[in-house]
Amino acid sequence: MKKEQMYEGKAKKIFSTENENECIVSYKDDATAFNGLKKGTIRGKGEINNRMTNYLMTKLEKEAGIPTHLIKELSNTDTLVKKVHIVPLEVIVRNVIAGSLSKRLGAPEGTELKCPVLEFCYKDDELGDPMVNDYHILAMGWTDKKTLDQIKDYAFRINDYLVKFFKEIGIDLIDFKLEFGITADGTLVLADEISPDTCRFWDSKTKEKLDKDRFRRDLGDVEGAYQEMIKRVFSHE
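Basis of the calculations
- Residues numbered from 1 in each chain as written.
- Predicted model: local features only at pLDDT ≥ 70, side-chain atom pairs only at ≥ 80, totals over all residues.
- Heavy atoms only, no water.
- Helix = DSSP H or I, 4+ residues; strand = E, 2+ residues; numbered from the N terminus.
- Rg over C-alpha atoms; globule rule 2.2 N^0.38 Å.
- Buried < 20%, exposed > 50% of the residue type's maximum accessible area, 1.4 Å probe, protein only.
- Contact = heavy atoms within 4.5 Å.
- Areas by Shrake-Rupley, 256 points an atom, 1.4 Å probe, with all protein chains shown as cover.
- Polar contact = N/O pair within 3.5 Å; in protein donor to acceptor, adjacent residues only side chain to side chain.
- Phe/Tyr/Trp six-rings, centres within 6.5 Å; stacked < 30°, edge-to-face > 60°.
- Axes fitted to C-alpha atoms, helices over the stretch in contact; angles between N-to-C directions.
- Parallel < 35°, antiparallel > 145°, perpendicular 65-115°, else oblique.
- Left-handed = near helix turned anticlockwise from the far one by under 90°.
- Nonpolar A, V, L, I, M, F, W, Y, C, P; charged D, E, K, R; others polar.
- Salt bridge = Lys/Arg side-chain N within 4 Å of Asp/Glu carboxyl O.
- Disulfide = S-S within 2.5 Å.

Caption draft 1: Region of the structure containing the overall build of the chain. In terms of regular secondary structure, the chain is built from 6 helices and 14 strands. Its C-alpha atoms give the chain a radius of gyration of 17 Å, within 12% of the compact-globule value 18 Å for 237 residues. With respect to the principal axes defined by its C-alpha atoms, the chain has extents near 50 × 40 × 40 Å. Taking all 237 residues of the chain together, the buried fraction comes to 51%. Long-range contacts, defined as pairs at least 24 residues apart, comprise 56% of the intrachain contacts of the chain with a sequence gap of at least 6. When the accessible surface of the chain is summed, it comes to about 11,700 Å², and 50% of that surface belongs to carbon and sulfur atoms.

Caption draft 2: Broad picture of the side chain of aspartate 172. Among the structural elements, aspartate 172 can be located in strand β12 (residues 171-182). When its relative accessible area of 12% is taken as the criterion, aspartate 172 is described as buried. A polar contact of 3.0 Å, which involves the side chain of aspartate 172, links it to the side chain of serine 204. For aspartate 172, the side chain forms a polar contact with the side chain of lysine 207, separated by 2.8 Å.

Caption draft 3: Region of the structure containing the packing of aromatic side chains. This structure, assessed with the given rule, holds 7 aromatic pairs. Consider the rings of tyrosine 55 and phenylalanine 234, whose centres lie 4.8 Å apart with planes at 50°: the pair is tilted. Taken as a pair, tyrosine 55 in helix α1 (residues 45-64) and phenylalanine 234 in helix α6 (residues 222-235) lie far apart in primary sequence, 179 residues in all. According to the relative accessible area criterion, tyrosine 55 is buried, its value standing at 13%.

Caption draft 4: Quick peek at the side chain of threonine 143. Mapping threonine 143 onto the fold places it in the loop between α3 (134-140) and α4 (145-167). With near-sequence residues (within four places) excluded, threonine 143 lies in contact with Val87, Ile137, Leu138 and Leu148.

Caption draft 5: Summary view of the packing of α1 against α4. Taken N-terminus to C-terminus, the directions of α1 and α4 make an angle of 115°; their axes are 11 Å apart at the nearest point. Compared by their axis directions, α1 and α4 come out roughly perpendicular. With respect to the hand of their crossing, α1 and α4 are arranged in right-handed fashion. Across from Tyr55, Leu56, Lys59, Leu60, Glu63 and Ala64 in α1, the residues of α4 making contact are Arg157, Ile158, Tyr161, Leu162, Phe165 and Phe166. Its residues assigned to classes, the contact of α1 with α4 shows 9 nonpolar, no polar and 3 charged.

Caption draft 6: Geometry of the pattern of salt bridges. Here the structure, examined in full by the defined rule, presents 29 salt bridges. Residue arginine 104 pairs with glutamate 119 through a salt bridge whose shortest N-O separation is 3.2 Å. Residue arginine 104 is located in helix α2 (residues 100-105), and its partner glutamate 119 is located in strand β10 (residues 112-122); the two are separated by 15 residues in the primary sequence. The closest approach of N and O atoms between aspartate 172 and lysine 167, which form a salt bridge, is 2.6 Å. You can call lysine 167 partly exposed: its relative accessible area is 47%. Through salt bridges with shared partners, a single ionic network connects Arg94, Arg104, Glu109, Glu119, Asp175, Arg200, Asp213, Arg216 and Arg217.

Caption draft 7: Geometry of the state of the cysteines. Tallied over the full model, the rule gives 0 disulfides. Of all cysteine sulfurs in the structure, the one in cysteine 199 sits closest to cysteine 121, which takes part in no disulfide; the separation is 15 Å. Here cysteine 121 falls in the buried class, since its relative accessible area comes to 8%. For cysteine 199, a relative accessible area of 4% gives the class buried.

Caption draft 8: The arrangement of the packing of α1 against α6 in detail. One can describe the packing of α1 onto α6 by two numbers: an axis separation of 10 Å at closest approach and a directional angle of 25°. The angle between the axes of α1 and α6 places the two elements in the roughly parallel class. The handedness of the crossing between α1 and α6 comes out as left-handed. Every residue of α6 that contacts α1 at Lys45, Ile48, Asn49, Arg51, Met52 and Tyr55 is listed here: Tyr226, Gln227, Met229, Ile230, Val233 and Phe234. Counted by class, the contact of α1 with α6 contains 8 nonpolar, 2 polar and 2 charged residues.

Geometric values such as these leave the question of function open.
The following block contains the structure:
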């Protein structure tokens, strides 16, 4: 089904298909951090991120009413998805202070927030994905107010669902990044992935990090953390 490679990013390759409104996402084991400054490989990451993303997107569609780009899983690393025009924003939801927010606010990691925090970053590696607000987004024409409001609504609904889902398998969802796209018929859908690459997962009891922070911070046993996450996610059944 794969035709030409349309794009290669840090963690995935995108291929065209015979249907102009569909494409194939192929997940890689490549790992990067700090906007590509740190590079490496996490064995099995592509398969884990692909399978976890598809499982969670299926859940979000059926149980939370969130439209996604998912069509069907083709293999352990490849998935057929709706072709979308990506809204050039990283949509970040934070439930607990960690990472860059800890540095910005001078608060220790692990500090619980009184309510979820929603942040936007403009997707541009050369600029370092700068943080932006509604005014920047609308002034630059990256999307319109109606779409932006819908993105906010979806982001909080996704957070509500995922926090509960992960809590049931002993995981705290600290924060995560989402991306949204618009299909050929103008529908806003959740795109990209939901995985240890894009989320911070901490064990609810031990607070052990089970995500890409183990790679970013040289904490060791990165593959073990990813394997633990996929095992717990599929144990939910």
